[in-house]
Amino acid sequence: MLSRRKLIKRLSSVPILGGLVGGLPLSLEAEAKPAPKRDLFKEFGIRTFINAAGTLTYMTGSLMHDEVLDAINYGAKEFCLLDEIQDKVGAKIAQMVHSEAAVVTSGAFSGMTLGLAGILTGMDQKKVEMLPHLAGTGMKTEVICQKAHDIVYNHALTNTGCKIVVVETAEDVEKAINEKTALMHFLHIEADKGKIMHEEWVALGKKHNIPTSIDIAADVPPVENLWKFNDMGFHFVVISGGKAMRGPQSAGLLMGKKSIIEAARLHMPPRGFNIGRGMKVNKEEIFGMYVALERFINEDHDKVWRLWEENTAYVENTVKTVNGVTTSVHVPPLGNHTPTLRISWDPARLRITGKDLQEALRKGDPSIEVGGSGPSNIGVTVWMMKPGQEKIVARRIKEELTKAAV
Ligand SMILES: *Cc1c(COP(=O)(O)O)cnc(C)c1O
């Protein structure tokens, strides 16, 4: 059977049916036709490359599936009320991730700012307008977080005007909690570096009636992480849309308690007079995020994993044939959970540094970006590659390493 997408593609090549495609009004027939192909990357002289590195913001994250792009294009062709689409799509997303409520944000980072802002102000519009100036307002001003979890992204929390109070032990938490404590924030990707694990963190918050939050920005797969922390009792959970879920890079999810999400919405467009006015997502990101999430949840994750393993093994087996090269595959347990290949070599036998190999691959045709390099190693992941690119990457790495043989 033809998939809906394939069917639409076929139908749109029949001009007379163009107006019916995807249920679009006839007046939009012209826009429904494929636009003339324009190579904007070429026009601007922008280098594109095979991504053998991973879901990195500075490399523009991930590539969206056609269903997601279709949803974005579809959404772009009608007007609707921004609040109505956030209400309705948010309610559906909440069901899918086991939270009371959810909203599409402009990434995990803004989700952290907005979630905390909602906790600080509740539904008090006067307070909403005061952020980030908390002094003398009666609003709480402190967020507790473990030392190992206090990374650069916590700037999302201090954007509200709050400061971070760093702790290490459960005893520290009990001492740090006071009438100014707004939130206890947890960072999943560094969970094993802290002394307090998820359940204990939530229990400590419950004991003292302090809301808890968790940043799982880069932490699917496994897909269960989408609901695991909502089920565990965190008051809000944030995740990036444009990493492994391959939604819009400018989107993410804020999931959590209804009262928090409702209050967070007061800090978001379409409303002004708030710190979140610049964190805008429109119907395109909202539909795109929703379809990416749905697709991700319904994906055959075992099959995807096997493909990642196969493609990683292909690269590994190809480059290993060069004398002096050794490889290992590691799966980061908490975030960026995907087979990650390290290719190392004996510097006495292959005269090339990791940085030089990275640069040679970057300058080659096609250009390739690989992951973090050491003095005589590089990293490769296959999850952001298009089908077949693993062969090109394997061949190019082998070529450059072979050239470097003494
Ligand atoms: C990527 C990332 C963020 C930021 O997420 P965006 O969706 O880009 O806003 C926050 N925290 C962690 C741990 C991340 O990896």
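Residues numbered from 1 in each chain as written. Predicted model: local features only at pLDDT ≥ 70, side-chain atom pairs only at ≥ 80, totals over all residues. Heavy atoms only, no water.

Some words on the packing of helix α5 (residues 82–97) against helix α13 (residues 283–298)
- Running from amino to carboxyl end, α5 crosses α13 at an angle of 15°, the nearest separation of the two axes being 10 Å. Relative to α13, the element α5 lies roughly parallel. In this structure, α5 meets α13 at a crossing whose hand is left-handed. In this structure, α5 contributes L82, I85, Q86, V89, K92, I93, M96 and V97 to the contact, and α13 contributes K283, I286, F287, Y290, L293, E294 and I297.
- Of the residues assigned to the contact of α5 with α13, the class counts are eleven nonpolar, one polar and three charged. (Axes fitted to C-alpha atoms, helices over the stretch in contact; angles between N-to-C directions. Helix = DSSP H or I, 4+ residues; strand = E, 2+ residues; numbered from the N terminus. Parallel < 35°, antiparallel > 145°, perpendicular 65-115°, else oblique. Left-handed = near helix turned anticlockwise from the far one by under 90°. Contact = heavy atoms within 4.5 Å. Nonpolar A, V, L, I, M, F, W, Y, C, P; charged D, E, K, R; others polar.)

Let's talk about the UniProt feature "domain: Aminotransferase class V" (unreviewed entry) in the protein chain
- Taken from the UniProt record, the annotation "domain: Aminotransferase class V" (unreviewed entry) applies to residues 169–264.
- Structurally, residues 169–264 comprises 34% helix and 22% strand, and the distance from its first C-alpha atom to its last is 30 Å. (UniProt positions renumbered as here; feature names shortened; annotations may be inferred.)

Digging into the pattern of salt bridges
- Considering all chains together, one arrives at 22 salt bridges under this definition.
- Measuring nitrogen to oxygen at the nearest pair gives 3.3 Å for the salt bridge that ties K363 to E359. Of this pair, K363 and E359 are both found in helix α15 (residues 354–363), four residues apart, which corresponds to roughly one turn of the helix.
- Since its relative accessible area comes to 30%, E359 is described here as partly exposed.
- Two residues, E400 and R396, come together in a salt bridge whose shortest N-O distance is 3.0 Å. Residue E400 and its partner R396 are located together in helix α16 (residues 389–403), separated by four residues, close to a single helical turn. In terms of burial, E400 and R396 fall into one category: buried.
- Each of R47, E359, R362, K363 and E369 takes part in one network of salt bridges that share partners. (Salt bridge = Lys/Arg side-chain N within 4 Å of Asp/Glu carboxyl O. Buried < 20%, exposed > 50% of the residue type's maximum accessible area, 1.4 Å probe, protein only.)

Overview of the nonpolar core
- One finds L226, I343, I397 and L401 to be the most contacted residues of the largest nonpolar core, which totals 78 residues.
- Each of two domains, domain 1 (79–298) and domain 2 (301–403), supplies a minimum of three residues to this core.
- Each residue touching L401, except ones within four places of it in the same chain, is listed here: V322, V325, I343, W345, L350, I352 and L357.
- Counting residues in hydrophobic clusters, the runner-up holds 26 residues, among them L114, V143, A156 and M279. (Core = buried A, V, L, I, M, F, W, Y, C linked by side-chain atoms within 4.5 Å. Domains from an automatic or database assignment.)

Considerations on the packing of aromatic side chains
- According to the stated counting rule, one finds seven aromatic pairs in the structure shown.
- Ring centres of F229 and F234 lie 6.2 Å apart, and the angle between their planes is 70°; on these two criteria the pair is classed as edge-to-face.
- With a relative accessible area of 0%, F229 lands in the buried category.
- Both rings, one in W308 and one in W383, keep their centres 5.6 Å apart while their planes meet at 90°; by these two values the pair is edge-to-face. Taken together, the residues span a long stretch of sequence, with W308 in helix α14 (residues 301–319) and W383 in the loop between β12 (377–380) and α16 at a distance of 75 residues. An identical accessibility class is assigned to W308 and W383; each is buried.
- By way of ring pairs, the aromatic residues F186, W201, F229 and F234 are connected into one cluster. (Phe/Tyr/Trp six-rings, centres within 6.5 Å; stacked < 30°, edge-to-face > 60°.)

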